[in-house]
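# Coordinate inspection notes
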Amino acid sequence: MDQRVIRESFEVDDDRIYMDYNATTPLDPAVIRAVSEALGEAWGNPSSTNVAGAKAKALICKAREDVATMVGGRAEDIIFTSGGTEANNLVFHSVMEDFKRHSAAGGQRSGAFGGTQNGGPACRPHLIISNVEHDSIKLVAENLQNTGQAEVTCVTVSTVTGRVEVQDLLAAVKPNTCLVSVMLANNETGVIMPIRELCRKVNDVNQQRGHPRILVHTDAAQALGKICVDVADLGVDYLSIVGHKFYAPRIGALYVRGPGTTTPLHPMFYGGGQERSFRPGTENTPMIAGLGKAAELVTANLHDYESHLRKTRLHLERRLREVFGEEKLHFNSHFPGSETLPNTCNVSILGPRLQGVGPLSETAGQVWELPATQTLEDVEAAVEDLRRSVQLLES
């Protein structure tokens, strides 16, 4: 990516350096072109059989292939959504609906997704999440619990590793557990969660029980474009994809391992049958095209992205130590033995006048999420700005 073009593609003050890339990213220039071309040339209804519709449909099919390749899955396992929030809600809705349908059958029918129901029709589904999930996970689970529709267990991450430990998740499993939802990487600490190990252990548990089968979902919003994400390697049933975290538009997708066959998927609303009726509504062709282009770029350049991000973050941390001294810093993103994202630096600067809400809102607590285009000169400027701010607060 061209740093100059990236900067010109969104408005910031000339003297400001944007370092909040875990919140959102600007569009890559190639993505902008893909969106613009789709707006001008693929304006047809993808459900129509005319030439314009066929062109739009072809773009969507290409994007689906590109997104699937990015996550190591099959095109037929990708469902386009409005964003990560909808994708996450669709997972919870599907699991709840599947549990309800099996319970309504009297708990003795062998379903497509497991054996016989444990607990009978009066049993509520049990969901497990971690305490660091995005609100589109946490608040959905809380609402299901508060309205009496589900039991929810929230497992706390370890203060030693920064991860939610697999043994703690497994200890929370009940006979009526039907979903474990844990993010792939944390947006504030950068810690990568042990999803692969979790899936292996859950699979072992599933081999010894009937229905409900425990399904595993991971929100991969913070991982895509930064580390390799391979659904076959992870072993997940669901994986949420959020475009605006990797230089794509604000659109998303949901990977489902065999939607409606191997893994339950039930629509939240009904309409014209788009996305095989799992997510109806006339497709947003330009945004889908942009998502596909960004996914294509990730597949082609991930090694370079990851290498540059890690090099830049390590340089940032080294300069912070040189400027402030080891004794004045606490890296909240450093957990011995835990893997972390290559771009995320979370640091506290210690000092008697750097405590409380005021200083924290200014500079005392910093989370930097670096882009794939950050230069070492940008890092130097950011560290110098921080040094001056701390000096001012301490004076």
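As the structure is a computational prediction, the values presented were derived from the model and not from experiment. (Residues numbered from 1 in each chain as written. Predicted model: local features only at pLDDT ≥ 70, side-chain atom pairs only at ≥ 80, totals over all residues. Heavy atoms only, no water.)

### A few points about the overall build of the protein chain
- Of the regular secondary structure elements, the protein chain holds 11 helices and 10 strands.
- In the protein chain, once contacts between residues fewer than 6 apart in sequence are set aside, the share between residues at least 24 apart is 69%.
- Just so you have it, the protein chain exposes about 17,600 Å², and 50% of that area is on carbon and sulfur atoms. (Helix = DSSP H or I, 4+ residues; strand = E, 2+ residues; numbered from the N terminus. Contact = heavy atoms within 4.5 Å. Areas by Shrake-Rupley, 256 points an atom, 1.4 Å probe, with all protein chains shown as cover.)

### Brief notes about the packing of aromatic side chains
- Summed over all chains, the structure comprises two aromatic pairs.
- Residues Y18 and Y21 carry aromatic rings whose centres are separated by 4.9 Å and whose planes lie at 55 degrees to one another, so their mutual orientation is tilted.
- Under the relative-accessibility criterion, Y18 is labelled partly exposed at 24%.
- Their ring planes at 45 degrees and their centres at 6.2 Å tell us that Y21 and Y247 sit as a pair that is tilted. Linking Y21 in the loop between α1 (3-8) and α2 (29-41) with Y247 in the loop between β6 (238-242) and β7 (252-256), this pair joins segments that are 226 residues apart in sequence.
- Note on Y21: relative accessible area 5%, which makes it buried.
- By relative accessible area, which is 7% here, Y247 ends up buried. (Phe/Tyr/Trp six-rings, centres within 6.5 Å; stacked < 30°, edge-to-face > 60°. Buried < 20%, exposed > 50% of the residue type's maximum accessible area, 1.4 Å probe, protein only.)

### So, the packing of α2 against helix α9 (residues 285-324)
- Running from N to C, α2 and α9 cross one another at 150 degrees; their axes reach a closest spacing of 8 Å. If you check the angle between α2 and α9, you find them roughly antiparallel. Read as a crossing pair, α2 and α9 show a hand that is right-handed. Two secondary-structure elements touch here, α2 through A30, V31, A34, V35, A38 and L39 and α9 through T285, P286, M287, A289, G290, K293, A294 and L297.
- For the contact of α2 with α9, the class distribution of residues is 11 nonpolar, two polar and one charged. (Axes fitted to C-alpha atoms, helices over the stretch in contact; angles between N-to-C directions. Parallel < 35°, antiparallel > 145°, perpendicular 65-115°, else oblique. Left-handed = near helix turned anticlockwise from the far one by under 90°. Nonpolar A, V, L, I, M, F, W, Y, C, P; charged D, E, K, R; others polar.)

### Looking at the environment of P264
- Along the chain, the position of P264 falls in the loop between β7 and α9.
- Along the chain, P264 and F99 lie 165 residues apart, while their C-alpha atoms are 9.6 Å from each other.

### Quick notes on the sheet that holds β6
- Taken in spatial order, the seven strands make up an open sheet running β1-β7-β6-β5-β4-β2-β3, and their pairing is mixed. One side of each edge strand has no neighbouring strand; the edge strands of this open sheet are β1 (78-81) and β3 (151-155). Looking at each pair of strands side by side, their axes are set apart by 20 degrees on average, direction ignored.
- Sheet strands touched by helix α5 (residues 135-146): β2 (126-130), β3, β4 (177-181) and β5 (215-219). Its angle to β2, the strand with the most contacts, is close to 150 degrees. (Pairing = 2+ DSSP bridges.)

### A look at unusual backbone geometry
- Along the chain, H211 connects to P212 via a cis peptide bond; the corresponding omega equals 5 degrees.
- With respect to the helices and strands, the residue P212 is situated in the loop between α7 (195-207) and β5.
- Unusually for a residue other than glycine, Y247 sits at a positive phi of about 70 degrees.
- Positive phi, close to 55 degrees, is recorded for R276, a residue that is not glycine.
- As for its position among the elements, R276 is in the loop between β7 and α9.

### Some words on the side chain of E133
- Tracing the backbone shows E133 in the loop between β2 and α5.
- An unpaired buried charge is present at E133: no salt bridge exists, and K138, the closest side chain of opposite charge, is 11 Å distant.
- At 2.5 Å, the side chain of E133 forms a polar contact with the side chain of S130.
- A distance of 3.0 Å separates a polar side-chain atom of E133 from the backbone nitrogen of M183.
- Residues in contact with E133, not counting those within four places in the same chain, are K138, S181, V182 and M183. (Lys, Arg positive; Asp, Glu negative; His and termini not counted. Salt bridge = Lys/Arg side-chain N within 4 Å of Asp/Glu carboxyl O. Polar contact = N/O pair within 3.5 Å; in protein donor to acceptor, adjacent residues only side chain to side chain.)

### Focus on the environment of L179
- Structurally, L179 can be placed in strand β4.
- Along the primary structure L179 and V95 are separated by 84 residues, whereas in three dimensions their C-alpha atoms are 7.1 Å apart.
- Apart from residues no more than four positions distant in its own chain, L179 is found in contact with V91, F92, V95, H126, L127, I128, I214, L215 and H217.

### Remarks on the environment of L234
- Structurally, the position occupied by L234 is in helix α8 (residues 231-234).
- For L234, a relative accessible area of 9% translates into the label buried.
- As for L234 and R196, which are separated by 38 residues in sequence, their C-alpha atoms are 4.4 Å apart.
- Sequence-distant contacts of L234, defined by excluding residues within four places in its chain, comprise L184, I195, R196, C199, V229 and L239.

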